[in-house]
Amino acid sequence: MRAIDAWVSVNMGSGQRPEFLVRVAEDYFKRAEHIFRDISQAELLELMERSGVQKAILTVDAEAPQKEVLAFAEARPDRFAISAYVDPRRGMNALRELEQLARNSPLVLARAVPFMIGLPADDRVYYPLYTRCIDLGLPISVNTGIPGPPMPGRCQDPMNLDEVCYFFPDLKLIMAHGADPWWAVAIRLMIKYPNLYLMTSAFAPAYLPAELIHFMNTRGRDKILYASNHPVLPLERCLREAQELDLREGVLDRYLYGNAHRLFFEGRS
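To start, this report covers the structure provided alongside it. Every value quoted in this text rests on a predicted model; they were computed, and no experiment measured them.

### Examining the pattern of salt bridges
In this structure the tally under the stated criterion is 12 salt bridges. Between Arg 76 and Asp 78 there is a salt bridge whose closest N-O contact spans 2.8 Å. In this structure Arg 76 comes out as partly exposed when scored by relative accessible area, which is 28%. We note a salt bridge from Asp 87 to Arg 89, for which the minimum N-O separation is 2.7 Å. Residue Arg 89 is classed as partly exposed on the basis of its relative accessible area of 45%.

### Focus on the pairing of strand S2 (residues 53–61)
On a regular strand, each side chain points to the face opposite its neighbour's, so the side chains alternate between the two faces of the sheet. Bridging between strand S1 (residues 3–8) and S2 involves four bridges; their strand directions are parallel. Pairing of Val 8 across the sheet is with Leu 58, part of S2. Crossover handedness for the path S2 to helix H4 (residues 67–75) to strand S3 (residues 80–85): right-handed.

### Comments concerning unusual backbone geometry
Omega for the peptide link from Asp 180 to Pro 181 comes to 5°, which places this bond in the cis form. Here Pro 181 lies in the loop between strand S6 (173–176) and helix H9 (183–192). Note the cis peptide between His 230 and Pro 231, where omega equals 10°. Among the structural elements, Pro 231 can be located in the loop between strand S8 (224–225) and helix H11 (235–243). The phi torsion at Ala 202 lies on the positive side, around 60°, for a residue other than glycine.

Cut-off values and rules
Residues numbered from 1 in each chain as written. Predicted model: local features only at pLDDT ≥ 70, side-chain atom pairs only at ≥ 80, totals over all residues. Heavy atoms only, no water. Salt bridge = Lys/Arg side-chain N within 4 Å of Asp/Glu carboxyl O. Buried < 20%, exposed > 50% of the residue type's maximum accessible area, 1.4 Å probe, protein only. Pairing = 2+ DSSP bridges. Helix = DSSP H or I, 4+ residues; strand = E, 2+ residues; numbered from the N terminus. Right-handed = clockwise from strand over helix to strand, strands pointing away.

Rendered as structure tokens:
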């Protein structure tokens, strides 16, 4: 088995802890003591070796990239890549910071989280970010589904991506953290738009709905990406549950490895 984990955090012990994150760790996942801790490079590499994870994508804030996270990719670019959270409300400053990261680090993904921004993904404030991602050849993930934290969730309805995909057909856009309870909408949109994908980060594979498993086995073989959101959900647990899914031959490898490799690493030096 081989895998790429497209969402891993290594600095949740020393990073900021907004109240919504504390609440989701304590009340939703009920494992705050395991979530709010830093992970060393040696520890993560050992876990990856044990689990068959060839690469992990670590997240930094584009506004103030955490040096301790960038150090992982600087030391082992063969095992670690970077994604950057961007707040599009910051305008040109946010775009310049993203460009600088793209020049100076193995950046493979931008991220936007509507419930943290307070605006749906089809708001015009996002449009310069989408344009810049196309220019940089950079996929972007946008969280969809009702968020676990006690924050408003309507802004994360997948339908907010309909016009985005229509106006930006070249944008490689990934729905992150699943799409619960709007799975059927997300699937229909992925059928409609060639460059729209879904990442199961922060969603235990054992709880993926039957309609998504059917999509993965049929028209969606190239559309669904694995990610754990470790340590929020343990990497090993997610991989174990993924292997127990009722998937046709070859689909598991696409889910765990192939689809992410094609989107994030194929053609990159």
